[in-house]
Amino acid sequence: MIWENFFISERIKRNHYMGHHCNMYFWRTTSQQEIDYIEESDGLMSAFEMKWNPKKGATKLPESFLKAYDIKETAIVTPDNYLDWLI
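Residues numbered from 1 in each chain as written. Predicted model: local features only at pLDDT ≥ 70, side-chain atom pairs only at ≥ 80, totals over all residues. Heavy atoms only, no water.

Visitor: What's the story with the packing of aromatic side chains in this structure? I'm lost.
Guide: Ring pairs (aromatic) are described by centroid distance and by the angle formed between their planes. Under the defined criterion, the tally for this structure stands at nine aromatic pairs. Geometrically, the ring pair formed by Trp-3 and Trp-52 is edge-to-face, given 5.4 Å between the ring centres and 70 degrees between the ring planes. Here Trp-3, found in helix α1 (residues 2-18), pairs with Trp-52, found in the loop between β3 (44-50) and α2 (63-68); they are 49 residues apart in sequence, far enough to count as distant. Given the relative accessible area of 61%, Trp-52 is considered exposed. Ring centres of Phe-7 and Phe-48 lie 5.8 Å apart, and the angle between their planes is 50 degrees; this geometry places the pair in the tilted category. (Phe/Tyr/Trp six-rings, centres within 6.5 Å; stacked < 30°, edge-to-face > 60°. Helix = DSSP H or I, 4+ residues; strand = E, 2+ residues; numbered from the N terminus. Buried < 20%, exposed > 50% of the residue type's maximum accessible area, 1.4 Å probe, protein only.)

Visitor: What's the story with unusual backbone geometry in this structure? I'm lost.
Guide: Peptide bonds are trans in most cases, and residues, glycine excluded, mostly fall at negative phi. At Gln-32, a position not held by glycine, the phi torsion is positive, near 70 degrees. Secondary-structure assignment places Gln-32 in the loop between β1 (23-28) and β2 (34-41). Phi at Asp-42 is positive, roughly 55 degrees, even though this residue is not glycine. Within the fold, Asp-42 resides in the loop between β2 and β3. On the basis of relative accessible area, Asp-42 is assigned to the exposed category, the value being 77%.

Visitor: Please clarify how the nonpolar core should be interpreted in this entry.
Guide: Inside soluble globular proteins, nonpolar side chains tend to come together where they are buried. Among the nonpolar cores identified, the biggest contains eight residues, and these are Trp-3, Phe-7, Tyr-37, Phe-48, Met-50, Ala-75, Val-77 and Leu-86. Broken down by secondary-structure element, the contributors of at least two residues to this core are α1, β3 and β4 (71-77). Formed by seven residues, the second largest nonpolar core is a distinct cluster that contains Trp-27, Ile-35, Met-45 and Ala-47. (Core = buried A, V, L, I, M, F, W, Y, C linked by side-chain atoms within 4.5 Å.)

Visitor: Help me understand α1, please; the structure alone is not making it clear to me.
Guide: Since one α-helical turn is 3.6 residues long, residues separated by three or four positions face the same way. The end-to-end C-alpha distance of α1 is 24 Å, a good match for the 24 Å that 17 residues give at a rise of 1.5 Å each. Every buried residue of α1 is accounted for by Trp-3, Phe-7, Arg-11, Arg-14 and Asn-15. Down the axis of α1, the sector holding all buried residues measures 95 degrees, keeping them to one side. Facing away from the buried side of α1 by over 90 degrees, the exposed positions are Ile-2, His-16 and Tyr-17. The secondary structure elements touched by the buried residues of α1 are β2, β3 and β4. One or two residues past the end of α1 sits Gly-19, with phi positive at roughly 70 degrees. (Expected span 1.5 Å × (residues − 1). Arc of directions from axis to C-beta. Contact = heavy atoms within 4.5 Å.)

What follows is the structure, encoded as structure tokens:
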């Protein structure tokens with residue numbers, strides 16, 4: 001959870017500094033499928049799943065989410081690639 005908190009906080013700061021205004025959400029179903037962080041801007045969504053260790057657990061976003069919404073981009077954010085989404 002600390003990893004998710006760090007990334008989301010830094011992403012919010014990045015968007016603020018760049019003047020990129022977006023709505024921010026998370027998504028979870030009753031069966032515990034989830035998306036850690038979602039940004040919506042101009043009706044399009046970017047979905048981020050944070051994984052400290054991508055070798056543990058699923059690294060795919062739920063199909064039910066991808067089918068239900070107009071997704072601009074998706075990303076699995078790890079310690080190896082997080083700067084790609086903050087700079």
